[in-house]
Amino acid sequence: DSPLRHAESIVHEAAHSFLNLLLDASGGLGGLEGMYWSPWRGMQRPALGIVHGAWAFSIVHALYHRLWSMRGCGLLPDNQLRYCRDRSDYELARLE
């Protein structure tokens with residue numbers, strides 16, 4: 001119910017849509033196939049799923065990192081700023 005979680009969901013889904021547009025315009029992944037471990041799902045996923053996860057969660061990380069580093073532009077209370085810092089760290093750890 002948090003406005004930050006709603007913003008995260010919108011940014012996450014928009015990232016998927018944008019990546020699909022890029023992949024359609026460029027002809028896809030160039031034949032990249034196979035199954036790879038997904039830290040987001042905790043299971044093997046096709047290459048396209050891994051690319052989508054890495055892209056979408058890197059954008060989510062960027063959202064929270066930017067909010068944290070800009071101190072929420074003075075609009076977020078301390079508890080939400082801490083949440084931004086923690087989510088930024090969490091997403092970065094999953095991307096490493």
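Look up: the structure comes first, before these words.
Below or above, wherever it landed, is the structure these notes cover.

Attention now moves to the pairing of strand β2 (residues 43–46). Pairing analysis gives 4 bridges linking strand β1 (residues 35–38) to β2, with the strands arranged antiparallel. Bridge pairing in β2 places S38 opposite M43. Counting the residues that bridge the hairpin from β1 to β2 gives 4 residues, and of these G42 lies at a positive phi of roughly 70°.

Another aspect to go through is the packing of aromatic side chains. Within the structure shown, the criterion is met by 3 aromatic pairs. Plain terms: the ring middles of F18 and W55 are 6.2 Å apart, the flat faces sit at 20° to each other, and that makes the pair stacked. With F18 in helix α1 (residues 3–26) and W55 in helix α2 (residues 47–69), this residue pair connects regions lying 37 residues apart in the sequence. On the basis of an interplanar angle of 85° and a centroid distance of 5.8 Å, the ring pair of Y64 and Y83 is categorised as edge-to-face. Here the residue Y64 occupies a position in helix α2, and Y83 occupies one in helix α3 (residues 78–95), the gap between them amounting to 19 residues. For Y83, a relative accessible area of 27% translates into the label partly exposed.

Glancing now at the packing of α1 against α3. The geometry of α1 relative to α3 is characterised by a closest axis approach of 11 Å and an angle of 35° between their N-to-C directions. Contacts from L4, R5 and E8 in α1 reach Q80, Y83, C84 and R87 in α3. Split by residue class, the contact of α1 with α3 holds 3 nonpolar, 1 polar and 3 charged.

Take the environment of E13 next. With respect to the helices, strands and loops of the structure, E13 is situated in helix α1. On the basis of relative accessibility, which here comes to 46%, the residue E13 falls in the partly exposed class. In this structure the C-alpha to C-alpha distance between E13 and Y83, which are 70 residues apart in sequence, comes to 20 Å.

Basis of the calculations
- Residues numbered from 1 in each chain as written.
- Predicted model: local features only at pLDDT ≥ 70, side-chain atom pairs only at ≥ 80, totals over all residues.
- Heavy atoms only, no water.
- Pairing = 2+ DSSP bridges.
- Helix = DSSP H or I, 4+ residues; strand = E, 2+ residues; numbered from the N terminus.
- Phe/Tyr/Trp six-rings, centres within 6.5 Å; stacked < 30°, edge-to-face > 60°.
- Buried < 20%, exposed > 50% of the residue type's maximum accessible area, 1.4 Å probe, protein only.
- Axes fitted to C-alpha atoms, helices over the stretch in contact; angles between N-to-C directions.
- Contact = heavy atoms within 4.5 Å.
- Nonpolar A, V, L, I, M, F, W, Y, C, P; charged D, E, K, R; others polar.

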